[in-house]
Amino acid sequence: MESQWDLAWRSLGPIIGGAIGGTIPLALTSFVLGLIIALAVALARLSRVPVLSGAARVYVSVIRGTPLLVQLFVIFYGLPSLGVTIEPWPSAIIAFALNVGGYAAEVIRAAILSVPQGQWEAGHTIGMSRVLTLRRIILPQAARVSVPPLSNTFISLVKDTSLASLILVTELFREAQQIATFSNEFMLLYVEAAVVYWVICLVLSSGQNVIEKRLDRYVAH
Amino acid sequence: MSHTDPPVVPGTHVIRVRGLRKSFGDNQVLNGIDFEVRRGGVVALIGPSGSGKTTVLRSLNGLAVPDDGTVTFSNGLEIDFSSPVSKRDLLALRDRSAMVFQHYNLFPHKTVLQNIIEGPVQVQKRRVAEATAEAESLLQRVGLADKRDAYPFELSGGQQQRVGIVRALALRPDVLLFDEPTSALDPELVGDVLTVIKELGDEGWTMVIVTHELAFARQVADEVVFMDGGVVVERGAPGDILVNPREERTKQFLHRVLHPFD
Ligand SMILES: Nc1ncnc2c1ncn2[C@@H]1O[C@H](COP(=O)(O)OP(=O)(O)O)[C@@H](O)[C@H]1O
Ligand SMILES: [Mg+2]
């Protein structure tokens, strides 16, 4: 019993190290890039140019209709046979960013559509073009609506980064896996990894509440 | 009010509207609308619901694009809707006119002050300090100086609509367009808003007002335009149109509005 607690304690360092050095930067970078992709895809889907909205629709459909693990493997193990070899970290970031891009695009599109038409008209009546109205009037209101679903997307992403262990990225789960293999204490290490993921997600959820409160300050309760 | 005196424009009319036509699918909403608005004039646009009044106002503000007809401003802008309208023309139209909406359409994520200076600063590139000073004096005029930093949800409907009016005034448009500015308000809040609009008329602002408040139209307008079925049925001085209309359709409309329970 003593040695189990001992092992749990000793492995906490590498596991948290994997979170700080792997899981968290991987999730953050992919999420930020994913949001940029998502905004562009959402705007393309709302555009009146059929080629743009069509392309965006196909992109969203492919991303949402295929497993993330398969997307990851296509990029890391598949592309080399076409002569394109990408290192584990960039592969993971590309796969996760593209994935977030597909899901968040639908969130952002719905949020933009949820802003009343009268807001566009008010922007136009004070002389704003479509682009300026979008940027100054519509997107800030859409942002408020999209925070809860986007937070959920981010929390899912944090958990999904564990898949990166399968393409050799050193992150939280891969650290736990390696210690488990050496020590033969699978249950202990995997439960420990689960607890660390859980704590990270608890922290993120409370951060989500803070942001939502801030964005809610101009809304009647 | 020194820095927001109504713009002075040479010529006898500020806007001339000719042959405006617009349909939505099979629904021919405007069937050739003609009227003009004199400089400093107040035109009340009345007519049954669905007769196309809002569509006329939206056309004057570039929010709707008519299929045909022309809108001419006295200071040179002429927009001919018979051919496709450029973005530049629509923006020019929006530059000349400003709309006060039935449901206010304030920006909920901006304070009262931010709502008002958004257009002057972001579009007209005026300095923030100057736009703020002007906004404050306009707020003072409509009795809302203390609401400068409030968000729209903290205001009553009547207060929100007065902010809507100030937001339009701050743009210094050639013409103010009001689309049933009091019809979303509780009855006891209507008076404050109508008073503000009447004062603007007295000060010489050029205005087109869609309204169901016939008593108000009689007081504030110097011309009443009665629309029905997408055409102007008759127009003239309020004392004529609202009291002794010539056309049968006008008589019926006035009767329905004035004696709804007959
Ligand atoms: N954007 C639109 N799309 C389709 N039909 C519209 C649109 N706007 C107005 N209409 C139709 O045009 C007609 C006139 O509307 P409107 O100008 O709002 O009349 P009013 O303001 O006099 O009540 C109505 O039948 C309305 O349904
Ligand atoms: Mg209307």
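Cut-offs and rules
- Residues numbered from 1 in each chain as written.
- Chains lettered and ligands numbered in written order.
- Predicted model: local features only at pLDDT ≥ 70, side-chain atom pairs only at ≥ 80, totals over all residues.
- Heavy atoms only, no water.
- Helix = DSSP H or I, 4+ residues; strand = E, 2+ residues; numbered from the N terminus.
- Rg over C-alpha atoms; globule rule 2.2 N^0.38 Å.
- Buried < 20%, exposed > 50% of the residue type's maximum accessible area, 1.4 Å probe, protein only.
- Areas by Shrake-Rupley, 256 points an atom, 1.4 Å probe, with all protein chains shown as cover.
- Lys, Arg positive; Asp, Glu negative; His and termini not counted.
- Charge placed at Lys NZ, Arg CZ, Asp CG, Glu CD.
- Pairing = 2+ DSSP bridges.
- Expected span 1.5 Å × (residues − 1).
- Arc of directions from axis to C-beta.
- Patch = residues over 30% accessible without salt bridge, like charges linked within 9 Å, V, L, I, M, F, W, Y side chains within 5 Å.
- Salt bridge = Lys/Arg side-chain N within 4 Å of Asp/Glu carboxyl O.
- Axes fitted to C-alpha atoms, helices over the stretch in contact; angles between N-to-C directions.
- Parallel < 35°, antiparallel > 145°, perpendicular 65-115°, else oblique.
- Left-handed = near helix turned anticlockwise from the far one by under 90°.
- Contact = heavy atoms within 4.5 Å.
- Nonpolar A, V, L, I, M, F, W, Y, C, P; charged D, E, K, R; others polar.
- Near = heavy atom within 4 Å.
- Polar contact = N/O pair within 3.5 Å; in protein donor to acceptor, adjacent residues only side chain to side chain.
- Buried area = accessible area lost by both parts, 1.4 Å probe.

A. Quick peek at the overall build of chain B. Counting its secondary structure elements, chain B contains 9 helices and 10 strands. The globule rule puts the C-alpha radius of gyration for 262 residues at 18 Å, and the 18 Å found for chain B is close to it. Projected onto its principal axes, the C-alpha coordinates of chain B cover approximately 55 × 45 × 35 Å. Within chain B, buried positions represent 55% of all 262 residues. As displayed, chain B offers around 11000 Å² of accessible surface, 47% of which is attributable to carbon and sulfur atoms. Taking the 29 positively charged and 35 negatively charged side chains of chain B as two groups, their mean positions are separated by 4 Å.

B. Region of the structure containing the pairing of strand β9 (residues 223–228) of chain B. All names here are of chain B. Among the 6 residues that make up β9, 6 are buried, leaving the element largely enclosed by the rest of the structure. Neither face of β9 is left uncovered, since the one carrying Glu223, Val225 and Met227 and the one carrying Val224, Phe226 and Asp228 both have all their residues buried. The pairing of strand β3 (residues 42–46) with β9 spans 4 bridges and is classified as parallel. For Val43, the partnering residue across the bridge sits in β9 and is Glu223. Judged from the 5 bridges that link them, β9 and strand β10 (residues 231–236) form a sheet pairing that is antiparallel. In the sheet register, Val224 faces β10, and the bridge partner there is Gly236. Linkage of β9 to β10, two consecutive antiparallel strands, is achieved through a turn of 2 residues, within which Gly229 is found at a positive phi near 60 degrees.

C. Looking closely at helix α2 (residues 50–65) of chain A. Residue and element names in this part refer to chain A. In a regular helix each residue adds 1.5 Å, so 16 residues correspond to 22 Å; α2 covers 22 Å between its end C-alpha atoms and thus fits that length. Those residues of α2 lying buried are Ser53, Ala56, Val60 and Ile63. Down the axis of α2, the buried side of the element spans an arc of 100 degrees, and every buried residue falls inside it. Seen from the open side of α2, the exposed residues pointing more than 90 degrees away from its buried face are Pro50, Val51, Val58 and Gly65.

D. Seen up close, a nonpolar patch on the surface. Together, Met187, Val191, Val195, Trp198, Val199, Leu202 and Val203 of chain A make up an exposed nonpolar region whose accessible area comes to about 710 Å². Inspection of the secondary structure puts Val195 of chain A in helix α8 (residues 186–215).

E. Representation of the packing of helix α4 (residues 88–114) of chain A against helix α6 (residues 130–160) of chain A in the model. Residue and element names in this part refer to chain A. In the contact formed by α4 and α6, the axes pass within 8 Å of each other and the chain directions differ by 150 degrees. The orientation of α4 relative to α6 falls into the category roughly antiparallel. Pair α4 / α6 crosses with right-handed handedness. For the pair α4 and α6, contact is made by Phe96, Val100, Ala104, Val107, Ala111, Ile112 and Ser114 and by Ile138, Leu139, Ala142, Val145, Ser146, Pro149, Leu150, Thr153, Leu157 and Asp160, respectively. Among the residues forming the contact of α4 with α6, the class breakdown is 13 nonpolar, 3 polar and 1 charged.

F. Examining the site of ligand 1 more closely. Residues and elements named next belong to chain B. Lining the immediate environment of ligand 1, one finds Phe24, Asn27, Val29, Pro48, Ser49, Gly50, Ser51, Gly52, Lys53, Thr54 and Thr55. Between ligand 1 and Asn27 there is a distance of 3.3 Å, counted from an oxygen atom to a side-chain nitrogen or oxygen. Mapped onto the shell around ligand 1, the elements with two or more residues apiece are β2 (27–38) and α1 (53–60). No other element matches α1, which puts 3 residues into the shell around ligand 1. Of the residues that constitute the shell around ligand 1, the class distribution is 3 nonpolar, 7 polar and 1 charged.

G. Quick peek at the packing of α6 of chain A against α8 of chain A. Residues and elements named next belong to chain A. In contact at an axis separation of 10 Å, α6 and α8 are set at 170 degrees when each is read in the N-to-C sense. Regarding the angle of α6 to α8, the classification is roughly antiparallel. Taken together, the residues of α8 that come into contact with α6 (itself represented by Ala143, Arg144, Val147, Pro148, Ser151, Asn152, Phe154, Ile155, Val158 and Lys159) are Tyr197, Ile200, Cys201, Leu204, Ser205, Gln208, Ile211, Glu212 and Leu215. Looking at the contact of α6 with α8, its residues break down into 12 nonpolar, 4 polar and 3 charged.

H. Seen up close, the interface of chain B and chain A. Taken together, the contacts link 23 residues of chain B with 20 residues of chain A. Together chain B and chain A conceal approximately 2000 Å² of surface at their shared face, both sides included; 61% is due to carbon and sulfur atoms. At the junction of chain B and chain A, the tally comes to 2 salt bridges. Elements with a contribution of two residues or more to the side of chain B that touches chain A: α2 (87–96), β6 (97–100) and α3 (112–123) of chain B. Per-element accounting of the side of chain B that touches chain A gives the leading share, 4 residues, to α3 of chain B. A breakdown of the residues in the side of chain B that touches chain A according to their chemical character gives 12 nonpolar, 6 polar and 5 charged.

I. Fine view of the pattern of salt bridges. Residues and elements named next belong to chain A. With the rule as written, the count across this model stands at 21 salt bridges over all chains. Note that Glu106 and Arg45 form a salt bridge whose closest N and O atoms lie 3.2 Å from each other. In this pair, Glu106 is assigned in helix α4 and Arg45 in helix α1 (residues 2–46), connecting sequence segments 61 residues apart. Accessibility assignment for this pair places Glu106 and Arg45 in one class, buried. The residue Arg109 makes a salt bridge to Glu106 at a minimum N-O spacing of 3.6 Å. One end of the pair is Arg109 and the other is Glu106, both in helix α4 and 3 residues apart, which spans about a single turn.

J. Seen up close, helix α4 (residues 128–141) of chain B. Residue and element names in this part refer to chain B. Between its terminal C-alpha atoms α4 stretches 20 Å, which fits the 20 Å expected from 14 residues at 1.5 Å a residue. Residues of α4 that are buried: Ala131, Thr132, Glu134, Ala135, Leu138 and Leu139. In an axial view of α4, the angular spread of the buried residues amounts to 165 degrees, which keeps them on one side of the axis. Exposed and facing more than 90 degrees away from the buried side of α4 are Ala129 and Gln140. Here the buried face of α4 lies against α3 and α5 (157–169). Of the residues one or two after α4, Gly143 is the one with positive phi, at around 75 degrees.

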